[in-house]
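# Breakdown of the fold
In case you want the letters, here they are:
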Amino acid sequence: MMISTAPAPLPVEPPSGCPFEPPAEFAALRTAEPISKISLPDGSWAWLATRYTDIRAILGDTRFSSDTTVPGYPLSGMTGGAATENRGFIRRDPPEHTRLRRMVTREFMVKRVEALRPEIQRITDELCDAMERADGRERGGVDLVEALALPVPSLVISLLLGVPYDDHDIFQRLTGKLLSRTIADGEREAARIELRDYLDQLVTTKEAAPGDDILGRLIVEQQRTGEITHDEVAAFAALLLIAGHETTANMIGLSALTLMRDPESAGRLRQEPGLIRGAVEELLRFHSIIRNGPRRVATADIEIDGHLIRAGEGVVVAVASANRDESVFADADRLDVCRPNAQHHVAFGYGIHQCLGQALARVELQVVIGTLLRRFPTMRPAVPDDEIPFRTDMAIYGCHALPVTW
Ligand code: HEM
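Below you will find a few notes about this structure. (Residues numbered from 1 in each chain as written. Predicted model: local features only at pLDDT ≥ 70, side-chain atom pairs only at ≥ 80, totals over all residues.)

### Quick word on the site of the ligand
For the ligand, the set of nearby residues contains 24 residues, the closest of which are Ala-243, Pro-294, Gly-349, Cys-355 and Gly-357. Of all elements in the fold, only α12 (230-261) and α16 (358-375) reach the threshold of two or more residues within the shell around the ligand. Counting residues per element, the shell around the ligand draws most heavily on α12, at 7 residues. Grouping the amino acids of the shell around the ligand by side-chain chemistry returns 16 nonpolar, 7 polar and 1 charged. (Near = placed C-beta within 6 Å. Helix = DSSP H or I, 4+ residues; strand = E, 2+ residues; numbered from the N terminus. Nonpolar A, V, L, I, M, F, W, Y, C, P; charged D, E, K, R; others polar.)

Right under this line is the structure:
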């Protein structure tokens, strides 16, 4: 006799007392039921994939669609607003995905991004100078998120896109709402519309005088030649602006906190700065800040590890679980800044949608972490762990604020 039980909800909360850890359910599922059914907030269900090999198989197979308009796509509980029209290429399939992504690939190539390293260092140094002037010792704490983790990636992506950084209050407030799991759908939709209107206005201004920046080049090379529309330029801006600062900002905050709590690893990196590149890969693996995705919908009946996923069924692909898979990463729950295969993580996804901004994120993380270790060797949290507001309410994990002193 078959006993039917309702699927458990998608696990998103870290285990109690371990704010760094991915949901505890992942480890059990990897062993007992690596492809399992989960329920979503609206009562619908989807598959949840938790093993590294299955996750690479799903993300590497274009029969799993990223298109949120395909019936069965598991939208429930996802953040970013309900927009299905004019969505960025992250939510499209080939050939449209390939055509649009190609228009900006060169902007994020390793060589191009490496050339930005001195500018990223300059921005980081200036923000660190300001932190020193504020002096965390006397003021009882400086918020590292506000002082450094958010402004570095935000300034860099604003500069690259040609978005006025003076408007950062606007786009940070709105993207914060878009990525919240806990605000009402209506409020999130209102934020999406406000961001769309802001970017619409910005693109109109830039059409009159396109600058030497990504949006300017898209207008001159693609929009004026009729390959994309005004709205599509705005969709590029929205995707790159949101993806370009929220993610890296949270990785900076979490990484800084981890290293403050692990003086042995921090000391090692301070002595051998050459290890920082590898340490950044390990921090990306360890934290895996995308906590409830990516997501896909099957467009054909596909067998994954003996499980039949039928056309029209949704899949939540838990990269945070794949990165703790013991069959790939020995002693996976331990942070090892010298781990030899850390770079095999899937924190940037896998397959055709693999993160476009990964080279940029890497340089930003390497510069900021290296600079913090060098300039603030005695930095420590100014409050106990249970007073740090961890982002359990957001799709991208991290800390809302991180008070530090030195
Ligand atoms: C530590 C920081 C970052 C993490 C962990 C991260 C993670 C990810 C992941 C997991 C995906 C795949 C989504 C999917 O398969 O559906 C992705 C895609 C993407 N990321 Fe990032 N990202 C980071 C930083 C950035 C930055 C700095 C940018 C700058 C523009 C960026 C732009 C993008 C874009 C445009 C896509 C869509 C690619 C496509 O669909 O072809 N990301 N990112």
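From this point on, the discussion continues.
### Overview of the environment of Arg-188
Mapped onto the elements, Arg-188 comes out in helix α10 (residues 185-208). When the C-alpha positions of Arg-188 and Lys-177 are compared, they lie 5.9 Å apart, and in sequence the two are 11 residues distant.

### Considering the sheet that holds strand β4 (residues 64-65)
Taken together, the 6 strands give an open sheet; going across it, the order is β1-β2-β3-β9-β6-β4, and neighbouring strands pair in mixed fashion. Each edge of the sheet is formed by a strand with only one pairing partner; in this case those strands are β1 (8-9) and β4. Pairing geometry for strand β2 (residues 35-39) and strand β3 (residues 45-49), over 5 bridges, is antiparallel. For Ile-38, the partnering residue across the bridge sits in β3 and is Ala-46. Against the sheet, helix α2 (residues 52-59) engages β2, β3, β4, β6 (295-298) and β9 (314-317), with an angle of about 125 degrees to β9. (Pairing = 2+ DSSP bridges. Contact = placed C-beta atoms within 7 Å. Axes fitted to C-alpha atoms, helices over the stretch in contact; angles between N-to-C directions.)

### Describing the sheet that holds strand β11 (residues 403-405)
Sheet strands pair via backbone hydrogen bonds, and the direction of the pair is either parallel or antiparallel. Read across the sheet, 3 strands follow the order β5-β11-β10 without closing on themselves; strand pairing throughout is antiparallel. Across the chains shown, the open sheet's two edge strands, defined by having one partner strand only, are β5 (142-143) and β10 (380-381). Here β5 runs beside β11; their pairing, made up of 2 bridges, is antiparallel. Bridge pairing in β11 links Val-142 to Val-404.

### A word on the packing of helix α14 (residues 276-287) against α16
The geometry of α14 relative to α16 is characterised by a closest axis approach of 10 Å and an angle of 110 degrees between their N-to-C directions. In this view, α14 runs roughly perpendicular relative to α16, as classed from their interaxial angle. Crossing handedness for the pair α14 and α16: right-handed. Between α14, through Ile-276, Arg-277 and Val-280, and α16, the contact on the second element is made entirely by Arg-362, Leu-365, Gln-366, Ile-369 and Gly-370. Residue composition of the contact of α14 with α16, by class: 4 nonpolar, 2 polar and 2 charged. (Parallel < 35°, antiparallel > 145°, perpendicular 65-115°, else oblique. Left-handed = near helix turned anticlockwise from the far one by under 90°.)

### Quick notes on the packing of α10 against helix α11 (residues 214-223)
With their axes 10 Å apart at the nearest point, α10 and α11 run at an angle of 65 degrees to one another. Like other packed secondary-structure pairs, α10 and α11 cross with a definite hand, here right-handed. Contact with α10, carried on its side by Val-203, Lys-206 and Glu-207, involves Leu-215, Gly-216 and Ile-219 of α11 and no other residues of that element. Of the residues contributing to the contact of α10 with α11, the split by class is 3 nonpolar, 1 polar and 2 charged.

### Details of unusual backbone geometry
Of note, the bond from Pro-94 into Pro-95 is cis; its omega dihedral lies within 30 degrees of zero at 5 degrees. With respect to the secondary-structure elements, Pro-95 resides in the loop between β4 and α3 (96-105). With an omega dihedral of 0 degrees, the bond running from Gly-293 to Pro-294 counts as a cis peptide bond. Among the structural elements, Pro-294 can be located in the loop between α14 and β6. Backbone geometry places Asp-305, a non-glycine residue, at a positive phi of 50 degrees. Position of Asp-305 relative to the elements: it lies in the loop between β7 (302-304) and β8 (307-309). Residue classification places Asp-305 among the exposed positions, given that 12 C-beta atoms sit within 10 Å. The backbone phi angle of Asp-331 is positive, close to 50 degrees, even though this residue is not glycine. Tracing the sequence through the fold places Asp-331 in the loop between α15 (319-322) and α16. (Buried ≥ 20, exposed ≤ 12 C-beta atoms within 10 Å, placed from the backbone.)

### Side note on α14
The end-to-end C-alpha distance of α14, which contains 12 residues, comes to 16 Å, matching closely the 16 Å that a straight helix rising 1.5 Å per residue would cover. Those residues of α14 not exposed but buried are Ala-279, Val-280, Glu-282, Leu-283, Leu-284, Arg-285, Phe-286 and His-287. Its buried side turned inward, α14 meets α12, α13 (263-271) and α16. Among the residues trailing α14, Ser-288 stands out with phi positive, at a value near 35 degrees. (Expected span 1.5 Å × (residues − 1).)

### Section: α12
Taking 1.5 Å per residue, 32 residues should reach 46 Å; α12 reaches 48 Å between its end C-alpha atoms and fits that length. Burial analysis of α12 places 25 of its 32 residues in the buried class, the great majority of the element.

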